[in-house]
Amino acid sequence: MKIVKFGGSSVGSGQSIHNVLNILQNKYTSGEKFIVVSSAMVGVTNILTELAETASKGNDFKKGLIEIEQRHFTVIKEMITVKNQNPAFTQIKIFINELEDLLQGVCSLRELSLQSKDLILSYGEKCSTFLLSQIAQQYFSESLYVDASTLIKTDSNFGNARVHTSVTEHLLQEFYKKHSNQVLFFTGFIASNENNRITTLGRGGSDYTAAILAAALNAEEIELWSDVDGMLTADPRVVKKAFSLSELSYTEAMELSYFGAKVIYPPAMIPAFRKKIPIVLKNTFNPSFKGTRIEEHTHKNTYPIRGISSIDEISLINITGSGMIGKIGFSGKLFSLLAREQINVILITQSSSEHSITFAIEPKDVQKAKQLFNSEFELELETNKLNPLVVEENLCVLAIVGENMKQTPGISGKLFQALGRNGINIHAIAQGSSEYNISVIIKRKNISKALNAVHDAFFTQLTKTLHVFSIGTGNIGSTLLRQIEAQSNFLRKNNGIEVKISGIANSRKMVIDEEGIDLTQWEERINGGEPSDMETFIQKIKFLNLSNCIFVDNTASPVTGTYYKELFESNVSVVTCNKIANSSSYKEYKDLKDTARRRGVDFFYETNVGAGLPIIRTLKDLMTSGDRIIRIEAIVSGTISYIFNHFIGDISFYEVVKKAHKLGYTEPDPREDLSGKDFMRKMMILARDAGYKMEENDIKLGAILPESCMNASSIDEFYEELKKSDSYFNELKEKAEMENKVLRYIGKLENGKASVSLELVDASHPFYNLTGSDNIISFTTERYKFNPLVIKGPGAGAEVTAAGVFADLINVGSN
Ligand SMILES: NC(=O)C1=CN([C@@H]2O[C@H](COP(=O)(O)OP(=O)(O)OC[C@H]3O[C@@H](n4cnc5c(N)ncnc54)[C@H](O)[C@@H]3O)[C@@H](O)[C@H]2O)C=CC1
Ligand SMILES: N[C@@H](CC=O)C(=O)O
Ligand code: NA
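- Looking up the protein in an unreviewed UniProt entry gives the name Aspartate kinase, with the organism given as Apibacter mensalis.
- Note on the protein: under the UniProt heading Function (unreviewed entry), the record states "Bifunctional aspartate kinase and homoserine dehydrogenase that catalyzes the first and the third steps toward the synthesis of lysine, methionine and threonine from aspartate."
- Among the UniProt annotations of the protein, the heading Subunit (unreviewed entry) holds the following wording: "Homotetramer."

Printed below as a string of structure tokens:
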């Protein structure tokens, strides 16, 4: 026989009762034996509490009473055939009249005792359970309404009565002997004392009723039906990837509930725990959900922990001082003091030097704790043996729970790593000696980010979700979004990575959606977004405080880089193809790198040099492995490379430049390329990454263009001047052809000196054979002294650049 308990939402309306009846009918037809326990309709207990208070102040309570009556009457009309409605109407009316008399009494006396309050509240369960039994009578004629207050006997602790187990069990067993062939509908929550006065069973009262019945009647199982899919790995309102647990142990259920999972209230289940009766949490609104099974022994858990829970708001008290050292009984005295004043201590940690004790309490208790401490330890404070108590506010507890933790090393490492990587500072740590839970205290504002990051670390097949904010939707930016969209399934399946684009901006508009923007529709989303404002965009990123957060800069703007530092400080990583920040002053470059390192976030800019070619990464590997750069020779302008590779035959220089622009090789402003400025920036970044403190003025920049083009004041004017300079470029070309050479714009870095110059090179030069938009870079180092390390390939273009940005993005957080 099973005990089947329905919570308030399950009996809250005709529709939900319909579901309940379906569930019961299925059991009945398959021959299952069961006893039903019912809560009051959802919200009714609250209304009754309010009515009792209202009446006790002498105010009018009729409206609320009518509401309760109507809710039950509506269900009668919806769920019982007209010819059978009368008995139900009559009995509900009787209950409501009794309730009215009681409230009237309270109103006249202006007094509400706990005893009268329990009596008033009992009508919630009486009405709902009676109604359910009446509706059920249409399906099982032998159904019987049972007022459990006649059978469950308690002490007189009204509001939170404790059960007299042996007398109750005896009464229940005798009753069941006589009625075991009927379908019984027990009121939850209510009982009575020795004088037959109604009592209630406190928080989780109906679950308690179910557990008492199960224990008394040796039920094989208890089903608790509510409106959620059992116990989840974390609060699904905060952690979207939380999922239902199929099973957990009594201990785990206790630990998880203690830390905030509100699905069951374990103290109410103790009678069942004692008799080792399994409890199954089911969902009335999703009967196909198999349920979360809670029992003594569970199967081996696939995951190292069972769930993550939190306590929303706590304060941390820190006590320090030499007076505690070796003083036996100090903590005993401290905590019994707190206990005496009913201050609940949530967790405690003590340093092994005994110099400090830290404990967490609810914020409401802080003042009281302070006063107690100050008066009890007045002498120690005066003699400086103890320091004044320090309180840290706005904190919360995050706890990971699971019996498996005991046998698995590395759990706390994983927890701290997930928090650390997201810049979440841990204020205190406590591990119960049971090793069933590890609790950390963190800032409240970080709780959502922390829960998600920790959930990802322990549960998701996905190793991580990257929250990306991408600015710039031009040539590179739009290509990147397309590549991410095309690759997302692969990444999810093969790499366990989900890339969520949580924000997109360009110079006109911006859109932020923490749930992730559907990349098949990003253009519509951004066009429908708000006007672009970088400051607002950055503040929103900081406010959302998402885990694994990355800012991607695909603009050529000088403004965006000014936010990188602020982003690093907020633990946001930056991936950029924009070279402006890294090629501004050395001080700024250094500051960005130091800040990123200090905050433990990534700053990746592979595409700053040679687009997707692995140049920055290679240089970094050389440097970190202890090599020394002797010389760098490079062609790192895709545009100029393309131009010289295609400035052959009849085509004019102007036309080749236009083509390079069309192919997406040039900067948004092609003057940046042809003036050599873009090249110079790249050389400066290389020099800096190679360890040189280089500024823009330190680089000797040879010109490609005649003065007139250099002086053009707009892009259009620039192109006009290019057209006019045909003969200048043709002369260059002819000279090269005559000497059997090619034009190459080459950068050099040697002994900390850098230059970029236009050269004529013959076939013996390693840079002679280039095609397309090829870049080539040759590193001569201590280790690659005689044969330099050479990287060559397309160094510009949307596809290869976006791919380089993409690779940086995926690598964030992987070191
Ligand atoms: N084309 C290539 O082969 C390579 C380009 N890059 C770099 O890629 C970056 C982007 O180049 P393209 O995509 O060709 O430029 P683009 O002109 O096509 O696109 C720039 C985008 O940035 C947006 N933008 C500009 N200022 C902004 C601001 N203040 N706030 C928000 N959005 C802003 C624009 O609205 C536009 O969507 C440049 O920094 C360039 O140096 C780097 C390596 C190779
Ligand atoms: N405009 C640049 C693009 C890469 O940084 C180039 O031509 O190399
Ligand atoms: Na690169």
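1. Focus on the overall build of the protein
- Broken down by element type, the protein carries 28 helices and 29 strands.
- Against the 2.2 N^0.38 benchmark of 28 Å for 815 residues, the protein shows a C-alpha radius of gyration of 37 Å, more extended than a compact globule.
- Taking the principal axes of its C-alpha atoms as reference, the protein extends roughly 115 × 75 × 50 Å.
- Residues classed as buried in the protein amount to 45% of the 815 residues present.
- For the protein, long-range pairs separated by at least 24 residues make up 73% of all intrachain contacts whose partners lie at least 6 apart in sequence.

2. Considerations on the pairing of strand 10 (residues 292-295)
- The sheet contact formed by strand 8 (residues 247-249) and strand 10 spans three bridges and is parallel. By the bridge assignment, Leu-248 is partnered in strand 10 with Ile-294.
- When strand 9 (residues 279-283) meets strand 10, the two strands line up antiparallel, connected through three bridges. Its bridge partner lying in strand 10, Leu-281 is registered against Thr-292.

3. A look at the site of ligand 1
- By nearness alone, 31 residues border ligand 1, and Gly-472, Gly-474, Asn-475, Thr-555 and Pro-668 come closest of all.
- Broken down by element, the shell around ligand 1 gets its largest block of residues, three residues, from helix 15 (residues 475-495).
- Classifying every residue of the shell around ligand 1 gives 11 nonpolar, 18 polar and two charged.
- Residue assignment places the shell around ligand 1 across two domains, with domain 3 (464-608) and domain 4 (616-794) each supplying three or more.

4. With respect to the sheet that holds strand 1 (residues 2-6)
- Judged by pairing direction, the sheet is mixed, and its eight strands sit side by side in the order 3-4-2-1-7-9-10-8 without closing on themselves. Here the strands that pair on one side only, and so sit at the sheet edges, are strand 3 (143-146) and strand 8. In this sheet, neighbouring strand axes are inclined to one another by 20° on average, regardless of whether the strands run parallel or antiparallel.
- Relative to strand 4 (residues 183-187), strand 2 (residues 34-38) is paired through four bridges, and the arrangement is parallel.

5. Remarks on the environment of Leu-103
- With respect to the helices, strands and loops of the structure, Leu-103 is situated in helix 4 (residues 85-109).
- If we ignore the near neighbours within four places in the chain, the residues touching Leu-103 are Leu-51, Ala-55, Phe-61 and Ile-120.

6. Observations regarding unusual backbone geometry
- Located in the positive-phi region is Asn-384, a residue other than glycine, with phi close to 60°.
- Position of Asn-384 among the secondary structure elements: in the loop between helix 12 (378-382) and strand 14 (390-401).

7. Notes on the domain arrangement of the protein
- Along its sequence, the protein is organised into domain 1 (2-43 + 120-227), domain 2 (307-458), domain 3 (464-608) and domain 4 (616-794).
- Its C-alpha centre places domain 2 at a distance of 60 Å from the equivalent point of domain 4.

8. Here we look at the pairing of strand 14
- Pairing analysis gives nine bridges linking strand 11 (residues 307-320) to strand 14, with the strands arranged antiparallel. The partner of Leu-316 across the bridge, within strand 14, is Glu-392.

9. Thoughts on helix 20 (residues 616-624)
- Taken as a whole, helix 20 has its buried residues at Ile-616, Leu-619 and Leu-622. End-on view of helix 20: buried residues confined to an arc of 125°, all on one side of the axis. Among the exposed residues of helix 20, those oriented more than 90 degrees off its buried face are Asp-621 and Thr-624.
- Packed against the buried residues of helix 20 are strand 24 (629-635), helix 24 (677-689) and strand 28 (774-781).
- Just beyond helix 20, the residue with positive phi is Gly-626, at close to 95°.

10. Some words on the sheet that holds strand 11
- As summarised here, the arrangement of the six strands in space is 12-13-11-14-16-15, forming an open sheet in which the pairing is antiparallel. The open sheet has two free edges, formed respectively by strand 12 (345-350) and strand 15 (428-431), since each of these has just one partner strand. When the angles between neighbouring strand axes are averaged without regard to direction, this sheet yields 30°.
- Seen against the sheet, helix 13 (residues 411-421) touches strand 14 and strand 16 (437-443) and runs at an angle of roughly 15° to strand 16.
- With respect to the sheet, helix 14 (residues 447-458) is in contact with strand 11, strand 14 and strand 16, its orientation differing from that of strand 14 by roughly 25°.

11. As for the environment of Asn-59
- The topology assignment puts Asn-59 in the loop between helix 2 (44-56) and helix 3 (62-79).
- Asn-59 sits in the exposed class, given 10 other C-beta atoms within 10 Å.
- Once the C-alpha coordinates of Asn-59 and Ser-108 are considered, the two residues, 49 residues apart in sequence, prove to be 10.0 Å apart.

12. Some points on helix 19 (residues 586-599)
- Between its first and last C-alpha atoms helix 19 spans 20 Å; for 14 residues at 1.5 Å apiece the expected length is 20 Å, and the two agree.
- Looking at helix 19, one finds that the buried residues are Tyr-589, Leu-592 and Ala-596. The buried residues of helix 19 occupy an angular sector of 65° when the element is viewed end-on, so they sit on one face. More than 90 degrees from the buried face of helix 19, the exposed residues found are Lys-587, Lys-590, Asp-594, Arg-597 and Arg-598.

13. Some points on the packing of helix 13 against helix 14
- Where helix 13 meets helix 14, the closest approach of the two axes is 9 Å, and the angle between their N-to-C directions is 135°. One way to sum up the angle between helix 13 and helix 14 is to call them oblique. In this structure, helix 13 meets helix 14 at a crossing whose hand is right-handed. Contacts between helix 13 and helix 14 involve Lys-414, Leu-415, Ala-418 and Leu-419 from the first element and Ala-450, Ala-453, Val-454, Ala-457 and Phe-458 from the second.
- In terms of residue class, the contact of helix 13 with helix 14 is built from eight nonpolar, no polar and one charged.

14. A few points about the confidence of the model for the protein
- When pLDDT is averaged along the protein, the result is 93; 98% of the residues meet or exceed 70.
- Taken over the whole predicted complex, pTM reads 0.71, whereas the ipTM for its chain interfaces reads 0.98.

15. What about the packing of helix 2 against helix 3?
- In contact at an axis separation of 9 Å, helix 2 and helix 3 are set at 160° when each is read in the N-to-C sense. By the criterion of interaxial angle, the relationship of helix 2 to helix 3 is roughly antiparallel. Judged by the twist between their axes, the crossing of helix 2 over helix 3 is left-handed. Taking contact as the criterion, the partners of Val-44, Ile-47, Glu-50 and Leu-51 in helix 2 are, on helix 3, Gly-64, Leu-65, Glu-67 and Ile-68.
- Taken together, the residues of the contact of helix 2 with helix 3 break down into five nonpolar, one polar and two charged.

16. Details of the nonpolar core
- Grouped together as the largest cluster of nonpolar side chains are 132 residues, with contacts concentrated most on Ala-211, Leu-213, Ala-214, Ile-222, Leu-398 and Val-454.
- Broken down by element, this core gets its largest block of residues, 10 residues, from helix 5 (residues 114-137).
- The two domains that each donate at least three residues to this core are domain 1 (2-43 + 120-227) and domain 2 (307-458).
- Once residues within four sequence positions are removed from consideration, Ala-211 is found in contact with Ile-222, Ala-268, Met-269, Ile-270, Pro-271 and Ala-272.

Parameters and conventions
Residues numbered from 1 in each chain as written. Chains lettered and ligands numbered in written order. Predicted model: local features only at pLDDT ≥ 70, side-chain atom pairs only at ≥ 80, totals over all residues. UniProt positions renumbered as here; feature names shortened; annotations may be inferred. Helix = DSSP H or I, 4+ residues; strand = E, 2+ residues; numbered from the N terminus. Rg over C-alpha atoms; globule rule 2.2 N^0.38 Å. Buried ≥ 20, exposed ≤ 12 C-beta atoms within 10 Å, placed from the backbone. Contact = placed C-beta atoms within 7 Å. Pairing = 2+ DSSP bridges. Near = placed C-beta within 6 Å. Nonpolar A, V, L, I, M, F, W, Y, C, P; charged D, E, K, R; others polar. Domains from an automatic or database assignment. Axes fitted to C-alpha atoms, helices over the stretch in contact; angles between N-to-C directions. Arc of directions from axis to C-beta. Expected span 1.5 Å × (residues − 1). Parallel < 35°, antiparallel > 145°, perpendicular 65-115°, else oblique. Left-handed = near helix turned anticlockwise from the far one by under 90°. pLDDT = per-residue confidence, 0-100. Core = buried A, V, L, I, M, F, W, Y, C linked by C-beta atoms within 7 Å.

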